[in-house]
Amino acid sequence: MIGSNDDLKALIRTIPDFPKPGIQFRDVTTLLLDGAGFAAAIERLAFKIEEKPDLVAGIEARGFIVAAALAQRLGAGVLLIRKDGKLPGQTIAEDYALEYGTDRLTMHVDACAPGARVWLADDLIATGGSALAAARLIRRAGAEVAGAGFIIDLPDLGGSARLKQEGFPVHALVEFEGD
Ligand code: AMP
């Protein structure tokens, strides 16, 4: 699944001990600053999508950047999955576990038509908690999760494996092992 994306990997900065000791923060902002690198990342994610989805759903906040660029490239719309309290219309919500406590993602209840095919996008998948909550929201709205794409996968945290168990394709461009 992972091709040779060493050029992209080299553009991702690692900041140790952020936001807390022991975490290797994989900082995608340095890739985003590189016009050719950002374009290549979106092109390679788009290449893996066999059938154009109706919508690309981005998870707040860096996921919005990946989702919007991917949607534009595919000719699809953008669906915003936001943190609690941000969306102005009527929402549905899903909670997911963090290391300490829980967090909540929300979506406008009328954001996708029943039967719509939705591709999920974020900069990075770690435990998969946020992506799985986003997938539950899309399914609750009656839409289909057609697949998920990430620039970065931290495979040791198990999120991409968990997502695959949901029965849709999961693609990532770059892996950092041992995180
Ligand atoms: P998870 O829900 O555990 O899959 O976490 C994924 C979300 O948290 C993504 O939106 C990432 O941007 C962020 N994230 C988690 N771990 C890291 C990390 N080591 N470096 C950068 N971002 C991270």
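Quick note: structure is the one above.
Cut-offs used in this document
Residues numbered from 1 in each chain as written. Predicted model: local features only at pLDDT ≥ 70, side-chain atom pairs only at ≥ 80, totals over all residues. Heavy atoms only, no water. Pairing = 2+ DSSP bridges. Helix = DSSP H or I, 4+ residues; strand = E, 2+ residues; numbered from the N terminus. Buried < 20%, exposed > 50% of the residue type's maximum accessible area, 1.4 Å probe, protein only. Salt bridge = Lys/Arg side-chain N within 4 Å of Asp/Glu carboxyl O. Axes fitted to C-alpha atoms, helices over the stretch in contact; angles between N-to-C directions. Contact = heavy atoms within 4.5 Å.

**Section: the pairing of strand 6 (residues 102-108)**
The pairing of strand 4 (residues 77-83) with strand 6 spans two bridges and is classified as antiparallel. Following the sheet pairing, K83 is matched in strand 6 by L105. The pairing of strand 5 (residues 91-97) with strand 6 spans seven bridges and is antiparallel. Its bridge partner lying in strand 6, A93 is registered against T106. Adjacent in sequence and paired antiparallel, strand 5 and strand 6 are bridged by four residues, among which G101 carries a positive phi angle near 90°.

**Describing the pairing of strand 7 (residues 117-125)**
The buried count for strand 7 comes to eight of nine residues, which makes it a mostly enclosed element. In terms of strand pairing, strand 3 (residues 55-59) meets strand 7 through four bridges, oriented parallel. For G58, the partnering residue across the bridge sits in strand 7 and is A121. In this structure, strand 7 lies alongside strand 8 (residues 144-153), joined through eight bridges in parallel fashion. Paired with D122 across the strands is F150, a residue of strand 8.

**Points about the pattern of salt bridges**
For the structure on display, the rule yields twelve salt bridges. When the shortest N-O distance is used, the salt bridge between D27 and R13 registers 2.7 Å. Note that D27 is positioned in strand 2 (residues 24-27) and R13 in strand 1 (residues 13-16), a separation of 14 residues in sequence. Residue D27 is classed as buried on the basis of its relative accessible area of 6%.

**What to know about the sheet that holds strand 8**
Strand order in the open sheet formed by seven strands is 5-6-4-3-7-8-9, with mixed pairing between adjacent strands. Strand pairing shows two members of the sheet lacking a second neighbour, strand 5 and strand 9 (170-175), which therefore form its edges. When the angles between neighbouring strand axes are averaged without regard to direction, this sheet yields 20°. Here helix 3 (residues 35-47) sits on the sheet in contact with strand 8 and strand 9, set at roughly 145° to strand 8.

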